[in-house]
Amino acid sequence: MKTALLSDIHANLRALDACMEHAAAQGAQRFAVLGDLVGYGAQPAQVVRRVRALAQDGAIVLQGNHDALAAAPLDQAGTMDAGGAAWTRAQLAPADLDFLAGLPLTATDDTAFLVHASADAPQRWLYVDSGHRAEASLHAACADERVRYVFGGHVHQQTLYFRGASQKLLRFEPTSGATIPVPPHRRWIATVGSVGQPRDGDTDAMYAIFDAARAELTFHRVAYDHLAAAADVRAAGLPEVFAKRLEQGL
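Here goes a summary of the coordinates provided. (Residues numbered from 1 in each chain as written. Predicted model: local features only at pLDDT ≥ 70, side-chain atom pairs only at ≥ 80, totals over all residues. Heavy atoms only, no water.)

## Some thoughts on the overall build of the protein chain
What the protein chain contains, in helices and strands, is eight helices and twelve strands. Computed over C-alpha atoms, the radius of gyration of the protein chain comes to 17 Å, within 12% of the 18 Å expected from 2.2 N^0.38 for 250 residues, which places it in the range of a compact globule. Its C-alpha atoms give the protein chain principal-axis dimensions of about 50 × 35 × 35 Å. Across the 250 residues of the protein chain, 55% fall into the buried class. Sequence separation of 24 or more characterises 72% of the internal contacts of the protein chain that already satisfy a separation of 6 or more. (Helix = DSSP H or I, 4+ residues; strand = E, 2+ residues; numbered from the N terminus. Rg over C-alpha atoms; globule rule 2.2 N^0.38 Å. Buried < 20%, exposed > 50% of the residue type's maximum accessible area, 1.4 Å probe, protein only. Contact = heavy atoms within 4.5 Å.)

As structure tokens, then:
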């Protein structure tokens, strides 16, 4: 079964729709959403309701730090993220907020461990942005001996590490659209990138497809109308920097 792994949608409905359409064309049969449905973007309600529908159809959905912040925002919006969370909260119905608040931090799906940030302390929202952090996350997830794969988001970039024969963690540079064999005799940890807010200088949306039956992982980049998404942000009255990020992929 092919599972589309989506993370860091960040209230960008245009990017979500593009990735879902692309995943369907690739033969994906189910979805897993690895957190941060909201934050930064202009369509939090539409995105949450789209993901709620996926959950009703059996998708795994996890909580990210922006989802947690929107569900229980800071009393004083002293940072840009907190201010954005207050705006997001005002756009969401009580049922949407309840959905975000009730999402789990992790899930295990057969041999795959799913998390928004790092498996060793998911509630701390640590970034898996180095070999050291990847090792810590992989080690924690593999306390369950069934686990062979760890999939997360949070860092807004696509990365893949695996434990080689020497037990040293090695990094593999993924190429969009290239299928990577990920045999289960090794252990693997990947960040699947951001659907709604890439930050690697490329404006195309990111996601990945895991084919458990064939033990294959494919990272994808999907073009969408990112300029229209930036215009949506401006029309909503959100900070200009949120629009600039979409326009520049930063």
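Anyway, onward from the coordinates.
## A word on the packing of aromatic side chains
To describe a pair of aromatic rings, you give the distance between the ring centres and the angle between the ring planes. Applying the stated criterion to the full structure yields five aromatic pairs. Considering the side-chain rings of Tyr149 and Phe151, the 6.2 Å spacing of their centres and the 10° angle between planes classify their relative orientation as stacked. Like Tyr149, the residue Phe151 is buried in the burial classification. Relative to Phe210, the ring of Tyr149 has its centre 4.8 Å away and its plane inclined at 55°; by these criteria the two rings are tilted. (Phe/Tyr/Trp six-rings, centres within 6.5 Å; stacked < 30°, edge-to-face > 60°.)

## Considering the environment of Asp67
Along the chain, Asp67 falls in helix α3 (residues 65-71). Look past the residues within four positions of Asp67 in its chain and what remains in contact with it is Gly35, Asp36, Leu37, Val38, Leu62 and Leu100. There is a polar contact of 2.8 Å between the side chain of Asp67 and the backbone nitrogen of Gly64. (Polar contact = N/O pair within 3.5 Å; in protein donor to acceptor, adjacent residues only side chain to side chain.)

## Looking at the nonpolar core
Within soluble globular proteins, side chains that are nonpolar tend to cluster in buried spots. The biggest cluster of nonpolar side chains holds 44 residues, and the ones touching the most others in it are Leu6, Leu16, Leu37, Val51, Leu100 and Tyr207. Setting aside its immediate chain neighbours within four residues, Val51 contacts Ile9, Leu16, Val33, Leu37, Val61 and Phe99. With 22 residues, the next largest nonpolar core counts Ile60, Ala107, Val182 and Ala190 among its residues. (Core = buried A, V, L, I, M, F, W, Y, C linked by side-chain atoms within 4.5 Å.)

## As for the pattern of salt bridges
Applying the stated rule across the entire model yields 14 salt bridges. A salt bridge links Arg146 to Asp144; the nearest nitrogen and oxygen atoms lie 2.7 Å apart. Taking the relative accessible area as the measure of exposure, Arg146 reaches 54% and is therefore exposed. For Asp144, a relative accessible area of 25% translates into the label partly exposed. Here Arg234 makes a salt bridge to Glu240, at a shortest N to O gap of 2.7 Å. Each of Arg49, Arg52 and Asp96 takes part in salt bridges that share partners, so that together they form one network. (Salt bridge = Lys/Arg side-chain N within 4 Å of Asp/Glu carboxyl O.)

## Points about the pairing of strand β6 (residues 149-152)
Covered by surrounding structure in β6 are Tyr149 and Phe151 together with Val150 and Gly152, the residues of both alternating faces. As paired elements, strand β5 (residues 112-115) and β6 share three bridges and run parallel to each other. Within β6, the residue paired with Leu114 across the bridge is Phe151. The parallel pair β5 and β6, bridged by helix α6 (residues 131-141), forms a crossover whose chirality is right-handed. The pairing of β6 with strand β10 (residues 188-192) spans four bridges and is parallel. Across the sheet, Val150 pairs through a bridge with Ile189, a residue of β10. (Pairing = 2+ DSSP bridges. Right-handed = clockwise from strand over helix to strand, strands pointing away.)

## Comments concerning the packing of helix α2 (residues 44-56) against helix α5 (residues 94-101)
Running from amino to carboxyl end, α2 crosses α5 at an angle of 60°, the nearest separation of the two axes being 10 Å. Classified by the angle between their axes, α2 and α5 sit oblique to one another. The hand of the α2/α5 crossing is left-handed. Here α2 contributes Val48, Arg49, Val51, Arg52 and Ala55 to the contact with α5, which in turn contributes Ala95, Asp96, Phe99 and Leu100. Residues that form the contact of α2 with α5 fall into these classes: six nonpolar, no polar and three charged. (Axes fitted to C-alpha atoms, helices over the stretch in contact; angles between N-to-C directions. Parallel < 35°, antiparallel > 145°, perpendicular 65-115°, else oblique. Left-handed = near helix turned anticlockwise from the far one by under 90°. Nonpolar A, V, L, I, M, F, W, Y, C, P; charged D, E, K, R; others polar.)

Bear in mind that shape data such as this cannot, by itself, settle questions of function.
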